[in-house]
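# Results of the structural survey
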Amino acid sequence: MRRLSAGLTAGALLLVATACGSSDDGSPDAGASSDGVTTVKLGVIPIVDVAPLYLGQQKGLFEKHGLKLEFTTAQGGAAIVPGVVSGQFQFGFSNVTSLMVAQTNGVPVKAVANGIASTGVRGKDFNGLMVKKDSPVKSAKGLEGKKVAINTLKNINETAVRQAVREAGGDPDKVKLVEMAFDQMPAALDQGQIDAACVVEPATATIRSQGGREIASPLIDVAPELTVAMYFTSTQYAQQNPDVVKKFQEATAESLSYAEGHPDEARQIVTTYTKIPAAVLEQVVLPKWPAEPNRSSIEALMKLGEEDGLFKKTPDLDALLP
């Protein structure tokens with residue numbers, strides 16, 4: 001599957017949005033077939049978070065609603081946003097910060113379905129700030145002057161790491177953040193290329209299997225039971241294809257509910273789109289897959305993002321959220 005570059009700047013996002021705004025290319029009813037099933041392209045990150053949609057596809061939940069998903073993988077939400085807006089694919093999975101950044105840069109995005117939430121339990125979340133077993137770092141405060149890997153700079157994990165450092169009494173401006181794909185972090189940490197990594201499953205379990213340990217649960221430091229990511233489309237596509245969007249919302253809601261109720265099946269489906277070993281898979285902590293986003297947690301994330309200078313203006317959550 002094609003991997004998209006995560007290094008797109010806000011300026012590039014605006015160029016994509018401008019090009020899309022004057023064209024009909026981004027708005028066709030994608031892939032309608034003679035049997036009444038519409039194929040829609042979906043941009044995702046190859047992590048545990050998106051297991052419900054792979055599972056929903058396997059269980060026929062999307063087909064029941066007249067849809068077939070075609071998955072494309074990317075390093076982070078910042079890369080998926082321009083792909084959706086340009087019409088490369090119709091829906092995408094992105095963390096909430098990427099969507100707020102895009103909106104405040106004039107990029108026409110609209111969240112349509114909930115994605116994932118933190119478990120809200122420290123030390124038992126799908127996300128963790130982790131170090132090697134023999135690292136002298138005992139808390140997030142100890143990351144001052146250290147090199148910490150996150151998947152995308154100026155995004156949700158930067159906010160989360162900075163907040164974890166603040167909560168531990170440290171100065172987040174003294175932390176050296178570097179950009180790296182989640183699946184590259186375990187090896188980089190093990191080889192000493194970085195001092196810590198802000199990871200999500202299955203990389204979290206991989207690092208634990210290497211003897212690594214968690215020093216903070218950064219998403220929980222942002223807000224308890226934080227809504228981390230959502231599925232979205234472009235405002236243009238939503239306006240011109242309301243029936244497809246409704247079908248996607250309904251099928252996604254059923255898939256989230258099914259995954260929440262069948263964790264073993266959700267865990268197993270991860271092996272179909274990642275290279276996680278079976279022994280590591282057993283240690284994976286699954287996120288929560290609630291039907292609805294937690295508005296207050298998103299507001300907390302937005303305020304921290306504003307403090308960190310991620311937005312040009314205050315995001316309009318009423319327009320962004322479903």
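A brief look at the structure comes next. None of these values were measured; they are calculated from a predicted model.

## Remarks on the layout of surface pockets
Considering only enclosed or pocket space, the largest pocket measures out at about 400 Å³ in volume. Taken together, 21 residues make up the lining of the largest pocket; nearest its centre are Pro46, Asp183, Pro202, Thr274 and Lys275. Contributing elements (two or more residues each) for the lining of the largest pocket: strand 3 (67–74) and helix 8 (203–209). Of the residues contributing to the lining of the largest pocket, the split by class is 14 nonpolar, four polar and three charged.

## Here we look at the packing of aromatic side chains
Each aromatic ring pair is specified by the distance between its two centres and by the angle formed by the two planes. All told, the structure shown has seven aromatic pairs when counted by the stated rule. Summarising the aromatic geometry, the rings of Tyr54 and Tyr273 are spaced 3.9 Å apart at their centres and angled 10° between planes, so their arrangement reads as stacked. Taken as a pair, Tyr54 in helix 2 (residues 51–58) and Tyr273 in the loop between helix 12 (263–269) and helix 13 (278–281) lie far apart in primary sequence, 219 residues in all. Like Tyr273, Tyr54 is buried. Ring geometry for Phe62 against Phe248: centres 6.1 Å apart, planes inclined by 45°, an arrangement best described as tilted. With Phe62 in helix 3 (residues 61–64) and Phe248 in helix 11 (residues 242–261), this pair connects stretches of sequence that are 186 residues apart. Across the pair, Phe248 and Phe62 agree in class, each one buried. By way of ring pairs, the aromatic residues Phe62, Phe91, Phe93, Tyr231, Tyr237 and Phe248 are connected into one cluster.

## Some details on the nonpolar core
If you look at the biggest cluster of nonpolar residues, it comprises 87 residues, and the most contacted ones within it are Leu42, Phe91, Met100, Val109, Phe248 and Trp289. Considering each element in turn, this core owes the most residues, six residues, to helix 11. Contacts of Leu42, omitting those with residues within four sequence positions, involve Leu53, Leu69, Glu70, Phe71, Thr72, Phe89, Phe91, Gly92, Tyr231 and Phe248. Core analysis: the second largest hydrophobic core is formed by 15 residues, Ala140, Val175, Cys198 and Ala216 among them.

## Let's talk about the environment of Thr272
Position of Thr272 among the secondary structure elements: in the loop between helix 12 and helix 13. A relative accessible area of 53% means that Thr272 is categorised as exposed. The spacing of Thr272 and Ala51 is 221 residues in sequence and 9.6 Å in space, taken between C-alpha atoms. In this structure the side chain of Thr272 is engaged in a polar contact, spanning 2.6 Å, whose partner is the backbone oxygen of Ile269.

## Some points on empty space enclosed by the protein
Throughout the structure, instances matching the rule amount to one cavity of 30 Å³ or more. Roughly 110 Å³ of internal volume is contained in the largest cavity. Asp49, Asn95, Asn157, Phe182 and Val228 are, among the 15 residues lining the largest cavity, the residues nearest its centre. Elements with a minimum of two residues in the lining of the largest cavity: strand 4 (91–95), helix 6 (156–167) and strand 11 (227–234). Taken together, the residues of the lining of the largest cavity break down into eleven nonpolar, three polar and one charged.

## Some words on helix 14 (residues 295–307)
Helix length check: helix 14 (13 residues) gives 19 Å between terminal C-alpha atoms against 18 Å at 1.5 Å per residue, within 8%. Listed in full, the buried residues belonging to helix 14 are Ser297, Ile298, Leu301, Met302, Leu304 and Gly305. Each buried residue of helix 14 lies within a common arc of 165° when the element is viewed along its axis, so the set occupies one face. Projecting away from the buried face of helix 14 at angles above 90 degrees are the exposed residues Lys303 and Glu307.

## Observations regarding the sheet that holds strand 8 (residues 176–179)
Here we have five strands laid out as an open sheet, ordered 8-7-9-6-10, and mixed in their pairing. At either margin of the open sheet sits one strand with a lone partner, and together these are strand 8 and strand 10 (213–216). Mean inter-strand twist for the sheet, computed between neighbouring axes without regard to direction, equals 35°. Relative to strand 10, strand 6 (residues 127–131) runs antiparallel, the two sharing three bridges. Paired with Val131 across the bridge in strand 10 is Arg213. Sheet contacts for helix 6: strand 6, strand 7 (147–150), strand 8, strand 9 (196–200) and strand 10; angle to strand 7, the most-contacted strand, approximately 140°.

What counts and what doesn't
Residues numbered from 1 in each chain as written. Predicted model: local features only at pLDDT ≥ 70, side-chain atom pairs only at ≥ 80, totals over all residues. Heavy atoms only, no water. 1 Å grid on protein atoms, 1.4 Å probe; cavity = no way out; pocket = protein on both sides within 12 Å on 5 of 7 lines; lining within 4 Å. Points joined across faces, edges and corners; volume = space filled by probe spheres on them. Helix = DSSP H or I, 4+ residues; strand = E, 2+ residues; numbered from the N terminus. Nonpolar A, V, L, I, M, F, W, Y, C, P; charged D, E, K, R; others polar. Phe/Tyr/Trp six-rings, centres within 6.5 Å; stacked < 30°, edge-to-face > 60°. Buried < 20%, exposed > 50% of the residue type's maximum accessible area, 1.4 Å probe, protein only. Core = buried A, V, L, I, M, F, W, Y, C linked by side-chain atoms within 4.5 Å. Contact = heavy atoms within 4.5 Å. Polar contact = N/O pair within 3.5 Å; in protein donor to acceptor, adjacent residues only side chain to side chain. Expected span 1.5 Å × (residues − 1). Arc of directions from axis to C-beta. Pairing = 2+ DSSP bridges. Axes fitted to C-alpha atoms, helices over the stretch in contact; angles between N-to-C directions.

No statement about biological role is implied by the geometric values presented.
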